[in-house]
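Read off the chains here:
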Amino acid sequence: MTPIWLLIFAVSATLVVVEGTIFQPFRRGPKLWVDLVTCPLCLGVWVGWGMWLAYLGRLPEGRLEWFWALGFGLATGVAAYLVRLVMDVLDALDDRPNP
């Protein structure tokens, strides 16, 4: 699996947890937890980091592999945040009254 597919899967998983109604019960609890699972940027970093580690199949060895793991987590968070912004804009356009 190439990293671009991994990124798409990580962003999708992040948005399913943040937006999906099936995960609504998991979005309750302590404030820190609620903030984490309702923010696509925050959750995306952790999901991306975890998926990169799963992709490696082991803990990173050396600084370069840790850098790639962190970078992939950050890329996932930013991508999930941007997709969420696009979704919000499309929702706002859909809610406008028709002339």
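Below: a short report on this structure.

Analysis parameters
Residues numbered from 1 in each chain as written. Predicted model: local features only at pLDDT ≥ 70, side-chain atom pairs only at ≥ 80, totals over all residues. Heavy atoms only, no water. Helix = DSSP H or I, 4+ residues; strand = E, 2+ residues; numbered from the N terminus. Buried < 20%, exposed > 50% of the residue type's maximum accessible area, 1.4 Å probe, protein only. Core = buried A, V, L, I, M, F, W, Y, C linked by side-chain atoms within 4.5 Å. Contact = heavy atoms within 4.5 Å. Salt bridge = Lys/Arg side-chain N within 4 Å of Asp/Glu carboxyl O. Polar contact = N/O pair within 3.5 Å; in protein donor to acceptor, adjacent residues only side chain to side chain. Axes fitted to C-alpha atoms, helices over the stretch in contact; angles between N-to-C directions. Parallel < 35°, antiparallel > 145°, perpendicular 65-115°, else oblique. Left-handed = near helix turned anticlockwise from the far one by under 90°. Nonpolar A, V, L, I, M, F, W, Y, C, P; charged D, E, K, R; others polar.

**Some words on the environment of C42**
Moving on, step 1. Residue position: C42 is located in helix 3 (residues 40-56).
Moving on, step 2. By relative accessible area, which is 33% here, C42 ends up partly exposed.

**Side note on the nonpolar core**
Moving on, step 1. Within the largest apolar cluster, 13 residues are counted, with the highest numbers of intra-cluster contacts made by V11, W52 and F72.
Moving on, step 2. Looking at this core, the elements that each hand over two or more residues are helix 1 (3-19), helix 3 and helix 4 (62-94).
Moving on, step 3. Tallying contributions element by element places helix 1 first for this core, with 6 residues.
Moving on, step 4. With residues near it in sequence (within four places) discarded, F72 still touches P3, L6, L7, A10, G48 and W52.

**Focus on the pattern of salt bridges**
Moving on, step 1. Using the criterion set out here, one finds 4 salt bridges in the structure.
Moving on, step 2. Among the salt bridges present, the one from E19 reaches R84, with a minimum N-O distance of 2.7 Å. Of the two residues, E19 sits in helix 1 while R84 sits in helix 4, which places them 65 residues apart along the sequence.
Moving on, step 3. R84 sits in the partly exposed class, given a relative accessible area of 22%.
Moving on, step 4. Across the pair R58 and E65 runs a salt bridge whose closest N-O atoms are separated by 2.7 Å.
Moving on, step 5. Residue E65 is classed as partly exposed on the basis of its relative accessible area of 23%.

**Digging into the environment of S12**
Moving on, step 1. Here S12 shows up in helix 1.
Moving on, step 2. The exposure class of S12 is partly exposed, given its relative accessible area of 37%.
Moving on, step 3. The sequence separation of S12 and I22 amounts to 10 residues, and the corresponding C-alpha distance is 15 Å.
Moving on, step 4. A polar contact is formed between the side chain of S12 and the backbone oxygen of I8, at a distance of 2.8 Å.

**Some remarks on the side chain of T14**
Moving on, step 1. Within the secondary structure layout, T14 lies in helix 1.
Moving on, step 2. Residue class for T14 comes out buried when judged on its relative accessible area of 0%.
Moving on, step 3. Among the polar contacts listed, one links the side chain of T14 to the backbone oxygen of A10, at a separation of 2.8 Å.
Moving on, step 4. Excluding residues that lie within four positions of it along the chain, T14 makes contacts with P40, L43, G44, V47, T76 and A80.

**Some remarks on the environment of D88**
Moving on, step 1. Inspection of the secondary structure assignment puts D88 in helix 4.
Moving on, step 2. Along the sequence, D88 and L74 sit 14 residues apart, while their C-alpha atoms lie 21 Å from each other.

**A closer look at the packing of helix 1 against helix 3**
Moving on, step 1. In contact at an axis separation of 9 Å, helix 1 and helix 3 are set at 135° when each is read in the N-to-C sense. If you check the angle between helix 1 and helix 3, you find them oblique. In this structure, helix 1 crosses over helix 3, and the sense of that crossing is right-handed. Along the contact surface, helix 1 presents P3, L6, F9, A10, A13, T14, L15, V17 and V18, while helix 3 presents P40, L43, G44, V47, G48, M51, W52 and Y55.
Moving on, step 2. Each residue belonging to the contact of helix 1 with helix 3 can be placed in one class, and the counts come to 14 nonpolar, 3 polar and no charged.

By themselves, these figures tell us nothing about what the structure is for.
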